[in-house]
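# Observations on the three-dimensional arrangement
As a plain string of letters, each chain reads:
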Amino acid sequence: MPNSSQPEVPGRVAGIDYGTVRIGIALSDPRRTIASPYENYTRRGPEQDARRFRDLVAEERVTLLVVGLPVHLDGRESEQSAGARQFGQWLAEVTGARVEFFDERFSTVQAEQFLLEADMTRKRRKKRRDMLAAQIMLAAYLQSRGGGQEAPGPLDDPP
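Residues numbered from 1 in each chain as written. Predicted model: local features only at pLDDT ≥ 70, side-chain atom pairs only at ≥ 80, totals over all residues. Heavy atoms only, no water.

## A closer look at the overall build of the protein chain
Condition: By the criteria applied, helices consist of DSSP H or I runs no shorter than four residues and strands consist of E runs no shorter than two, each listed in order from the N terminus. The buried label applies to any residue whose accessible area, calculated with a 1.4 Å probe on protein chains only, is under 20% of its type's maximum; exposed applies above 50%, and partly exposed to all values in between. Two residues form a contact once any of their heavy atoms are found within 4.5 Å. Here the accessible surface of atoms and residues is derived via Shrake-Rupley with a 1.4 Å probe, and residues count as covered only by protein chains that are part of the display.
For the protein chain, the helix and strand inventory stands at 4 helices and 5 strands. Ordered by position from the N terminus, the helices and strands of the protein chain form the series β-β-β-α-β-α-β-α-α. The 159 residues of the protein chain split such that 45% are buried. Taking as baseline every contact in the protein chain between residues at least 6 positions apart, the subset at least 24 positions apart corresponds to 66%. For the protein chain, the exposed surface amounts to about 9100 Å²; the carbon and sulfur share of it is 50%.

## Side note on the sheet that holds strand β4 (residues 62-69)
Under the convention used in this document: Strands were regarded as paired on the criterion that DSSP finds at least two bridges between them. With axes taken as lines fitted to C-alpha atoms, and helix axes fitted only over the stretch in contact, angles between N-to-C directions fall between 0 and 180 degrees.
One open sheet accounts for 5 strands, arranged β3-β2-β1-β4-β5; its pairing is mixed. Two strands close off the open sheet at either side, each with one partner strand: β3 (35-42) and β5 (98-103). Averaged over all neighbouring strand pairs, the angle between strand axes comes to 25 degrees, with direction disregarded. Both β4 and β5 contribute to a ladder of 6 bridges, which runs parallel. Bridge pairing in β5 places glycine 68 opposite phenylalanine 102. Along the sheet, helix α1 (residues 46-59) contacts β1 (12-17), β2 (22-28), β3 and β4; its crossing angle with β3, the most-contacted strand, is approximately 160 degrees.

## Quick word on the side chain of arginine 32
Condition: As used in this structure description, the phrase polar contact means that two N or O atoms lie within 3.5 Å; if the pair is within protein, one of them must be able to donate a hydrogen and the other to accept it, and residues adjacent in sequence are counted only when both atoms belong to side chains.
Looking at where arginine 32 falls in the secondary structure, it is placed in the loop between β2 and β3. At 2.6 Å, the side chain of arginine 32 and the backbone oxygen of glycine 11 are in polar contact. Only 2.7 Å separates the side chain of arginine 32 from the side chain of threonine 63, close enough to count as a polar contact.

## Here we look at the confidence of the model for the protein chain
What counts, and what does not: pLDDT is a per-residue confidence score from the predictor, ranging from 0 to 100.
Per-residue confidence for the protein chain gives a mean pLDDT of 80, with 69% of residues at or over 70. When the elements of the protein chain are averaged for pLDDT, helix α3 (residues 107-117) gives the smallest value, 57, and α1 the largest, 97. Across residues 1-5, confidence stays below pLDDT 50; counting only partners more than four residues off in sequence or on other chains, it has 13 contacts. Overall, residues 146-150 carries pLDDT values under 50, and its contacts beyond four positions in sequence, including any with other chains, amount to 13 contacts.

## Focus on helix α2 (residues 79-95)
Inclusion rule: The span one expects for a helix is its residue count, reduced by one, times 1.5 Å. Throughout, the arc means the angular range of directions from the helix axis out to the C-beta atoms.
The end-to-end C-alpha distance of α2, which contains 17 residues, comes to 25 Å, matching closely the 24 Å that a straight helix rising 1.5 Å per residue would cover. Every buried residue belonging to α2 is among Ser81, Ala84, Phe87, Gly88, Leu91, Val94 and Thr95, and all of these are buried. Each buried residue of α2 lies within a common arc of 155 degrees when the element is viewed along its axis, so the set occupies one face. For α2, the exposed residues lying more than 90 degrees away from the buried face are Glu79, Ala82, Gln86 and Glu93. Packing partners of the buried residues in α2 comprise β1, β2, α1, β4 and β5. Looking one or two places after α2, you find glycine 96, whose phi comes out positive at around 80 degrees.

## Comments concerning the environment of threonine 42
Looking at the secondary structure, you find threonine 42 in strand β3. Separated by 23 residues in sequence, threonine 42 and glycine 19 place their C-alpha atoms 9.1 Å apart. The contact partners of threonine 42, leaving out residues within four places of it in the chain, are Val21 and Arg22.

## Some points on the pairing of β3
Both β2 and β3 contribute to a ladder of 7 bridges, which runs antiparallel. Residue pairing across strands places isoleucine 23 opposite tyrosine 41, the latter belonging to β3.

See below:
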């Protein structure tokens, strides 16, 4: 997988909130300054999933996929991190797009809090949570301008 020291290729960035059932997708604008929720994709099997992501990359002119990496508070990768990394590698293979990983700590919790504050029903929150989590993670990535290859560190300063 390419690292962030490679030259930036123009195009949109897709934020991916990986899940085994649903995948939240967010997209940047072409200038990579704004992140917007795009869709919640319900997984349908390897062939259909590959087709969906190839179509996304082609139709939306996506040149970079940023996959959220679930990590513990101390910065260690979680059990779900291995699945997200495997999925990211698969995405790179099936789409030909560059893939980076980015710390997604608290993005789903933050998305749920926003939706609760909007007084949405549980059903409506479920429909929006994953793509909103993807948007939150992508916005943080864009703000950092792509330091996604470095290992996430702990939230607390070391003693």
